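# Architecture at a glance
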Amino acid sequence: MSIAPQDGPQPVGADIDAPAQAPASPQKGMFGITGTGDVSGFGGLVRRRPEVVGSPKPYGGYFDEVTDALEEAYPGFADAIERVVVDRGELTLHIKAERIAEVAQIMRDDESLRFELCSSVSGVDYLNSDARRLHVVYHLASMTYRRRVRLEVAVPDGVSVPSVTSVYPTADWQERETYDMFGVVFAGHPNLTRVLMPDDWEGHPQRKDYPLGGVPVEYKGAEIPPPDQRRVYQ
Amino acid sequence: MTQSGYATERETTEGRVFTVTGGDWDTVTGSVDPLSNEKIVVNMGPQHPSTHGVLRLVLELEGETVQEVRPVVGYLHTGIEKNLEYRNWTQGTTFVTRADYLAPLFNEAGYCLAVEKLLGITDQITERANTIRVLFMELNRISSHLVWLATTGMELGAISMMLYGFREREYILDIFEETSGLRMNHAYFRPGGVAQDVPESAIKKIRDFLVYLPKKLKEYEAMLSGQVIWQERTQGVAVLDVTGCLALGITGPVLRSAGLAWDLRKTMPYCGYENYEFDVPTATTADVWGRYQVRLAEIRESLKIIEQALDRLRPGPIFIADKKIAWPAQLAVGLDGMGNSLEHVAKIMGQSMESLIHHFKLVTEGFRVPAGQVYVAIEHPRGELGVHAVSDGGTHPYRVHMRDPSFVNLQAIPAMAEGALLADVIAGGASLDPVMGGCDR
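What you are looking at is a predicted structure, and each value in this text was computed from that prediction instead of being measured. (Residues numbered from 1 in each chain as written. Chains lettered and ligands numbered in written order. Predicted model: local features only at pLDDT ≥ 70, side-chain atom pairs only at ≥ 80, totals over all residues.)

## Focus: the overall build of chain A
- On a plain count of helices and strands, chain A comes out with four helices and nine strands.
- Out of the 234 residues in chain A, the part that is buried amounts to 36%. (Helix = DSSP H or I, 4+ residues; strand = E, 2+ residues; numbered from the N terminus. Buried ≥ 20, exposed ≤ 12 C-beta atoms within 10 Å, placed from the backbone.)

Below, the structure is given as C-alpha cells:
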C-alpha cells in the first residue's frame, strides 16, 4: 500500500515507507501525527503532565508514624526530605540525593522504623518533565511492622547518588542495574559495572531518548515497522 | 633506547626487531612454588548443564576449595521492561509472562495487580477472577517447585527425580493449555480479570491432580529423603542464616529455610489470600536440605489452597464490569490458541457499529491509566516479585520495573559458596532456584 508522491508535506505514518513519529515524548499530539499533514486537529493537542505535589498532614494509616519516627530520629529531616507524597495507599519520601545513604541508615536501624529489607532499587527517566531527569526509587519493607515505604531521589544527568550498599548489601546488583540502564552513578559502590548489558555497550538503554532498536518485520508480503516507529494511538 | 626495563632492539634484513619481555613477569613466575600453590581460575557456564540456564560463574579454586566466586548474569537480557513502554497496558501481560518462564502466571499477576492498583480498581475485581487467579498461581507454584526438584535432583545425581518431576509438571501444563490455550507464556491474567473462564474439563483435571500428586510426593520423599547421598549432598551445605538473607535481600523458600516465616501471602495478602487456610512451612537448618523440605511442604500447602479455591469457585463474571477497561471481546480457545470468539466477531461486524468502535478503540489504543506510581509485591515461588509501575496518564506504561527474586537471590552465591567445595557450589546455586529468564528479563 503506497501513496503516490505528492507535492508538499506528507502525512506522517500514512505511508509505510515513511516512519511514523517515534513516541519519545508522549505529551504532544495524538495518533502519532505531527507536522502539517494533520487534518484531524489532534496533532495540536498538548497533554499536560500533572505536577507531583506534596500531601498535607495527616497522611493517614501508618504513614504518620513512619514520618514522625524519622523526623525524631533524623536531625536533618527538614533539610533532607523535599516532599512527602501519599498516593494510592503508598508513602513516598522524596529525598535530596546527597542524603539518601544517611536516611537509609536511619530507616534500617531506628527501633520504631526497622525497614530491614530493601526490596527494590530501580530508576525512572523523567525526560522533558523534570530538570533532574533521573530518579532512583528505593522500596523498603519493614518485616517487624509489616510496612512499606518508597524513597525517591532525583538527579540531573551526570550527578552521582551515594550508594546504599553499605546499609543494604542487596542493593549491589540493583544499583548496578540502575547504572547499566539509566547511567546513574552511585558513589561509593564497590564495583559499579554493567550487569545486564555487555561490558562494552554504549549508552543506557532504559533512558527515554534511547531508541527501542527494533527492526522492521516482513509478514505475508507487508512490512511492519518496528514498534517504536509504528503509528501509535496515544 | 636500551635502558633497563625497556625492550631491546636489533636490526635484521626484515627490519627492526624488538625483544619484548613482560615487565616483572619472570619474578612473578619465579616466586610461585608450583607444589604449594594450586590456585586456578575456572569459568563455569554460561553454557553448563548445572548452572540452571545461562548463568556464568567465575570460580577461583585452590584444589577443590572455592576461594572466590563471581556470578555473571545478563546473557538472557531481552529488554522486556523497555519493550513494555512501546505497547499498551493490556499488551504488557504478553511481555512480562516471558520473564520468569517457569512461573509465568506470577509475572502476569504481579503486573496486573500493579496496573489495577494504578487504575484504582483493585476492589472491583470479581470474586471469581480472584479465585481463578489464586487457583492458577498455586498450580504454577507447584509446577515451578516440581521443576526445582527435577533439576536439582539431576544436578545432584538423582536422574530419575528429573524424569518424575517433569512428568508431573506436564499434568499441570495440560491444565494450563486446556484453559488458556498455551502451556507457557499464557497472557491469561489481564488487567481487570482473567482472559477467559476455566472450562469444566480443566476443573475435573485439577480435581484428579489433587488425588494424584500426594501419592507422587510420597514417592519423591521415599526416593530422596532417606538417601544417604542426597543427605550428604544437601545437609549443612550452602548455609545462609536469617541475617545473611535479609542483608542480601533473599526472600522466599531460602529465607524460610533459615527459620523466618515471611510469606507475602500471609503477611501482606493480595487476591484474597487472607481467606484461605494454609501454613507457612519453615526449617531451621538454613541449608539445602532445609530448602528441599520447605519446598516439598509448600507443594502440600498449595494443594490445600487449590482444594479450597475449587470449593470457593462460584459462577460469576471473570472480568471487571467497567466497560472502559474490560476487554471487549469474548475470547475462546481455538485450535491455534486463544482468539476472539466467532460470535463476538459476527456481532461487531454485522450488528452493532458502536460495539465495533468500542472494540477498535480499546484494542488499538487501550485504556488510559491515571498518572502516578505503585509498587506491588507478591509471593513468587522464588521469593518476592515486586512490580514498580509508573504511568504518565497515557495508554502505554511509562516505566515498569520487575524486582525479580532470581536476580536478587543470585547475589547470595558468593556468600554460600566461598570456602566450600566446588561440588557444593552446584548444590547451593540450585537451592536458590534461579531462573535466568526472570533474572535477566
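There's more to say after this.
## With respect to the overall build of chain B
- Of the regular secondary structure elements, chain B holds 18 helices and twelve strands.
- Over its C-alpha atoms, taken along the principal directions, chain B stretches across nearly 95 × 60 × 40 Å.
- Contacts in chain B between residues at least 24 apart in sequence constitute 67% of all its contacts with a sequence separation of at least 6. (Contact = placed C-beta atoms within 7 Å.)

## What about helix α3 (residues 100-109) of chain A?
Residue and element names in this part refer to chain A.
- Every buried residue belonging to α3 is among I100, V103, A104, I106 and M107, and all of these are buried. Buried positions in α3, seen along its axis, are confined to an arc of 165 degrees and lie on one side of it.
- Among the structural elements, α1 (63-73), α2 (77-80), β2 (90-95), β4 (134-142), β5 (147-155) and β6 (161-162) are those in contact with the buried residues of α3. (Arc of directions from axis to C-beta.)

## Here we look at the UniProt feature "domain: NADH:ubiquinone oxidoreductase 30kDa subunit" (unreviewed entry) in chain A
- The UniProt record marks residues 94-214 of chain A with the feature "domain: NADH:ubiquinone oxidoreductase 30kDa subunit" (unreviewed entry), using the residue numbering of this structure.
- The distance from the first to the last C-alpha atom of residues 94-214 of chain A is 35 Å, and the span holds 18% helix and 27% strand. (UniProt positions renumbered as here; feature names shortened; annotations may be inferred.)

## Looking at the sheet that holds strand β10 (residues 372-380) of chain B
Residues and elements named next belong to chain B.
- Strand order in the open sheet formed by three strands is β10-β11-β12, with antiparallel pairing between adjacent strands. Edge positions in the open sheet fall to β10 and β12 (399-403), since each of these has one partner strand only. If you compare each strand with its neighbour and ignore which way they point, the axes differ by 15 degrees on average.
- Of the strand pairs in this sheet, β10 and strand β11 (residues 383-391) are connected by nine bridges, and their pairing is antiparallel. Along β11, the bridge assignment pairs H380 with G383.
- The sheet contacts of helix α4 (residues 104-119) involve β10 and β11, and relative to β10 the element is tilted by about 150 degrees. (Pairing = 2+ DSSP bridges. Axes fitted to C-alpha atoms, helices over the stretch in contact; angles between N-to-C directions.)

## Notes on unusual backbone geometry
Residue and element names in this part refer to chain A.
- With omega at -10 degrees, the peptide bond leading from K57 into P58 counts as cis.
- With respect to the secondary-structure elements, P58 resides in the segment before α1.
- Within the chain, R88 stands out as a residue other than glycine whose phi angle is a positive 55 degrees.
- Relative to the helices and strands, R88 is located in the loop between β1 (81-87) and β2.
- In this structure, R114 takes a positive phi of about 50 degrees despite not being glycine.
- Tracing the chain through its elements places R114 in the loop between α3 and β3 (117-125).

## Digging into the sheet that holds strand β5 (residues 65-72) of chain B
All names here are of chain B.
- Overall, antiparallel pairing links the three strands, which are arranged β3-β4-β5 in an open sheet. Unpaired on one side and paired on the other, β3 (39-44) and β5 mark the two borders of the sheet. With direction set aside, neighbouring strand axes in the sheet form an average angle of 15 degrees.
- Pairing between strand β4 (residues 56-62) and β5: seven bridges, direction antiparallel. Bridging from a neighbouring strand, L61 pairs with V66 of β5.
- Here helix α17 (residues 422-432) sits on the sheet and contacts β4 and β5; the angle it forms with β4, its principal contact strand, is near 150 degrees.

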